[in-house]
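# Remarks on the overall topology
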Amino acid sequence: MTRYSRITGTGSYLPPRRLTNAALAAELAGKGVETSDEWIVERTGIKARHFAAPEVASSDLGLEAARRAIEAAGLQVTDIDLIIVATSTPDMVFPSVACILQHKLGIAGCPAFDIQAVCSGFVYALTVADAMIKSGAANKALVVGAEVFSRLLDFSDRTTCVLFGDGAGAVVLEVSETAGLLASDLHADGKHTGILCVPGNVSGGQVLGSALLEMDGQAVFKLAVGVLESAARTTLAKAGLHESDIDWLIPHQANLRIMHSTAKKLKLPLEKLIVTVDQHGNTSAASIPLALDTAVRSGKIERGDILMLEGVGGGFTWGAVLLKY
Ligand code: UT7
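Everything in this summary refers to the structure shown in the same document. (Residues numbered from 1 in each chain as written. Predicted model: local features only at pLDDT ≥ 70, side-chain atom pairs only at ≥ 80, totals over all residues. Heavy atoms only, no water.)

Here we take up the nonpolar core. Counting 43 residues, the largest nonpolar core has Val162, Leu249, Met308, Val312 and Phe316 as the members making the most contacts within it. Structurally, this core is a two-domain feature, drawing no fewer than three residues from each of domain 1 (4–176) and domain 2 (181–324). (Core = buried A, V, L, I, M, F, W, Y, C linked by side-chain atoms within 4.5 Å. Buried < 20%, exposed > 50% of the residue type's maximum accessible area, 1.4 Å probe, protein only. Domains from an automatic or database assignment.)

Below is the structure:
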């Protein structure tokens, strides 16, 4: 039998503390930082974000999303034989969030590791899990995107602190006789490190450099619009499909203007665009599985639909995964 991989369950989780733009603007005003609901909505489409409590880590958010995905797949936790977590906000330097999550799920033994490709992390992780399933290395993979990006934010920088939030999403990817994941296309170009980074590192018991997020928003915007179109087209070509075959476009949820532009370039009506960025802001590696799960649970996405997942972010990294749900 040819081994394919297929998503059999999705789950997601947002921490309870929700800040609307107005609430965030009021908090920032107390620090002398001026912003407004109007500016944030007009430039980004974001209306609210969720922030995790200080004691809550990426593995905790990932745990809730993972449990929901495993339940939706109709599996037991003990059925999982591979765990991959996409994150740039790990609980600790090491071990990986995936290992910590494995223990919190109450299982042991299966391989577990993190993937660090920032906002492209989920499409990277899905591609790796697919390859491991196709090779026979795994049968029932748990693929998670989990982030506490609020920990990296400089709340004196209004150009970045209004954009990001915390959350997690997960899927169970199982071996299948019929194709689920159809094609993927991953890229990176390290020369763009400086346009989106957290340039600190841990050394001698201290953080050297800054542990806060820095971004040249306009440079990221321009690069993102171009690469999202090319990754989508390459992925379609690999699968022998066309733009019109896409039922749902699920891009990284960072900025509604980038998402609209991508849909337009692919000649897709905006009704085919899954949008959740308004409700949780940019949750980096968690954003695609959060949007996917929301659309599945709302009944928008149905079995057999063709989905185009697209990630873009720090690295610079980008990529797409085309799949039959
Ligand atoms: O996950 C990785 C992917 N990251 C992204 O996708 C981010 C991509 N970039 C963006 O989404 C946009 O570039 C931003 C939303 C970050 C910025 O939007 P923009 O339309 O590029 O705005 P801008 O940087 O050109 O700033 C326009 C004005 C400036 O004021 P002046 O110089 O025109 O007087 C900024 O100081 O808006 C001002 N501004 C703000 N005003 C109120 C910047 N941030 C804010 C703010 N509130 N939060």
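Read on, since the account is not over.
Another aspect to go through is the site of the ligand. Thr35, Arg158, Gln218, Asn255 and Asn282 are the nearest of the 22 residues found near the ligand. At 2.6 Å from an oxygen atom of the ligand is found a side-chain nitrogen or oxygen belonging to Asn255. Considered on its own, the ligand offers 950 Å² of accessible surface; in the complex 73% of this is hidden by protein. Broken down by secondary-structure element, the contributors of at least two residues to the shell around the ligand are helix H2 (37–44), helix H6 (158–161), helix H7 (217–239) and helix H8 (256–265). A total of four residues in the shell around the ligand trace back to one element, the largest contributor, which is H7. Class assignment for the residues of the shell around the ligand results in ten nonpolar, eight polar and four charged. Split by domain, the shell around the ligand shows at least three residues from each of two domains, domain 1 (4–176) and domain 2 (181–324). (Near = heavy atom within 4 Å. Polar contact = N/O pair within 3.5 Å; in protein donor to acceptor, adjacent residues only side chain to side chain. Areas by Shrake-Rupley, 256 points an atom, 1.4 Å probe, with all protein chains shown as cover. Helix = DSSP H or I, 4+ residues; strand = E, 2+ residues; numbered from the N terminus. Nonpolar A, V, L, I, M, F, W, Y, C, P; charged D, E, K, R; others polar.)

This paragraph deals with the environment of Arg6. Of note, Arg6 is situated in strand S1 (residues 4–13). Once the C-alpha coordinates of Arg6 and Leu182 are considered, the two residues, 176 residues apart in sequence, prove to be 9.3 Å apart. Not counting residues within four places of it along the chain, the set of residues in contact with Arg6 comprises Val172, Leu173, Glu174, Ser176, Thr178, Gly180 and Arg303. (Contact = heavy atoms within 4.5 Å.)

What follows covers the pattern of salt bridges. If the charged atoms of two oppositely charged side chains come close together, the side chains can form a pair. The final tally for this structure, using the stated rule, is ten salt bridges. Within the structure, one salt-bridge network assembled from shared partners comprises Glu229, Arg233, Glu243 and Lys265. (Salt bridge = Lys/Arg side-chain N within 4 Å of Asp/Glu carboxyl O.)

Below, the discussion takes up the sheet that holds strand S6 (residues 140–148). Pairing within the open sheet is mixed, and its five strands lie in the order S1-S7-S6-S4-S5. Only two strands of the sheet have a single neighbouring strand rather than two, namely S1 and strand S5 (112–115). Geometrically, the sheet is characterised by an average inter-axis angle of 20 degrees between neighbouring strands, direction not taken into account. Sheet topology places S6 next to strand S7 (residues 166–176); nine bridges connect them, and they run antiparallel. Paired with Leu142 across the strands is Val172, a residue of S7. With respect to the sheet, helix H4 (residues 97–105) is in contact with strand S4 (82–86), S5 and S6, its orientation differing from that of S4 by roughly 130 degrees. (Pairing = 2+ DSSP bridges. Axes fitted to C-alpha atoms, helices over the stretch in contact; angles between N-to-C directions.)

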